[in-house]
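Listed below are the residues making up each chain.
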Amino acid sequence: MHHKIVKVGFLIIRKPTFLLPHFSLACNKFILVKTTKKIPKTFIIFFIISLFIWLLITFSKEYTAEVTIPIVFKNIPQNKLLQQSSQDELRLSVKASGFKLATAKIRNKAIDIDASKVKQTKKGNYYVLSKKQFLKIQAQLRTGIYLQAIEKDTISLNIGELVSKYVPVLPKLNLEYHIGYNLLKPITIKPDSILISGPASEINDIKNFALEPFILKDIKTDFTEALKLEKPSEFKNINFKDTKVIVSGKVDKFTEGEIKVPFTIKNKPDGVNITMLNEEIQLVFTVALTNFNKISKASFKIECDYSMSEKNNLTYLVPKVISKPNFVRNVKLLPSKIDFLIQK
């Protein structure tokens, strides 16, 4: 009995040829009768039943077909990274009934390819052997579909060496505070750097990771916001564990304060007596209300360098703030010059 190859959708089916003349003859009779006279209902019913029986018989038989199925690589070695340009489908030769093959086309689910034992050619290309995947692929096919062969002996992968490094995160902040309010201390970013991994060719070009823009207006109270990392589109193979970064700030109302503090003179030669008109200097500063009561004369250290005035032929001393609390800002000394008299 001769066979003819008929292509149906995604698969190639070997079908007995003796069915074709009968089906063709029935169709011809149907067309001839239709053009000459009214078709009896019994004939239409007979024709539909015959067609149904023919399809049932045809699709009940087993056929060998070639199918293309999407694949997903699993179990990539930890020091490797799968590139997006890797092979994403596999052509198989399978055996099944017509019904099973038609269903397989409709439900074309991806199958997993185990890449834990990936091999490498002398040119550096990676692959897995098809014969090692045969039983695993068969186990993932639908019941009643039997794998006959895999088109290629090897399945190609595009794999790069995995490199990791920490890069700082870069916030994009647009903050406006209410009049008289400001940050108590610098904004906190957690984590301030993230661990990224990917191919060395991409990792080496990354200096930082930007956060999504954060805009806040008329700020009077503390704030905390979880911001997403902006992954550049050109770095498709970069992976990172942290997807969000917490940005927070403590806000308080600030006020201006004044205090008189003593100052000292350094580098004064022995035998030189200096008379000062004032032993203290006025200090103006800005501080948060919560820290205002922490301020005292002992909070500041003011010094004047006599040798600097002598070297520059100055008739006055220049006071400088040597130490102050970290929470104090905008310190000003009044006056900025201190007159003195030398006693002979």
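The rules we used
Residues numbered from 1 in each chain as written. Predicted model: local features only at pLDDT ≥ 70, side-chain atom pairs only at ≥ 80, totals over all residues. Heavy atoms only, no water. Phe/Tyr/Trp six-rings, centres within 6.5 Å; stacked < 30°, edge-to-face > 60°. Buried < 20%, exposed > 50% of the residue type's maximum accessible area, 1.4 Å probe, protein only. Lys NZ or Arg CZ within 6 Å of the ring centre and 35° of its normal. Salt bridge = Lys/Arg side-chain N within 4 Å of Asp/Glu carboxyl O. Helix = DSSP H or I, 4+ residues; strand = E, 2+ residues; numbered from the N terminus. Pairing = 2+ DSSP bridges.

(A) Examining the packing of aromatic side chains more closely. Under the defined criterion, the tally for this structure stands at 4 aromatic pairs. Between Phe214 and Phe223 the ring centres are 6.1 Å apart and the planes differ by 45 degrees, which places this aromatic pair in the tilted class. Each member of the pair, Phe214 as well as Phe223, carries the same accessibility label: buried. If you follow Lys294 out to its NZ or CZ, it ends over the ring of Phe327, 5.7 Å from the centre.

(B) The arrangement of the pattern of salt bridges in detail. What the rule picks out here adds up to 7 salt bridges. With a closest N to O distance of 2.7 Å, Lys136 and Asp114 form a salt bridge. Taken together, the positions of Lys136 in helix α4 (residues 134-140) and Asp114 in strand β6 (residues 111-114) put the pair 22 residues apart, joining distant regions of the chain. Here Lys136 falls in the partly exposed class, since its relative accessible area comes to 39%. The closest approach of N and O atoms between Lys217 and Glu176, which form a salt bridge, is 3.0 Å. Separated by 41 residues along the polypeptide, Lys217 in strand β17 (residues 214-219) and Glu176 in strand β12 (residues 173-177) bring together distant segments of the chain. With relative accessibility at 43%, the residue Lys217 sits in the partly exposed group. Taking relative accessible area as the criterion, Glu176 reaches 41% and is therefore assigned partly exposed. When salt bridges with common partners are traced through the structure, they connect Lys266, Lys301 and Glu303 into a single cluster.

(C) Spotlight on the pairing of strand β15 (residues 193-199). Within β15, 5 of the 7 residues are buried, leaving the element largely enclosed by the surrounding structure. As defined by bridge partners, strand β11 (residues 159-170) adjoins β15 across 7 bridges and the pair is classed as antiparallel. Paired with Tyr166 across the strands is Leu195, a residue of β15.

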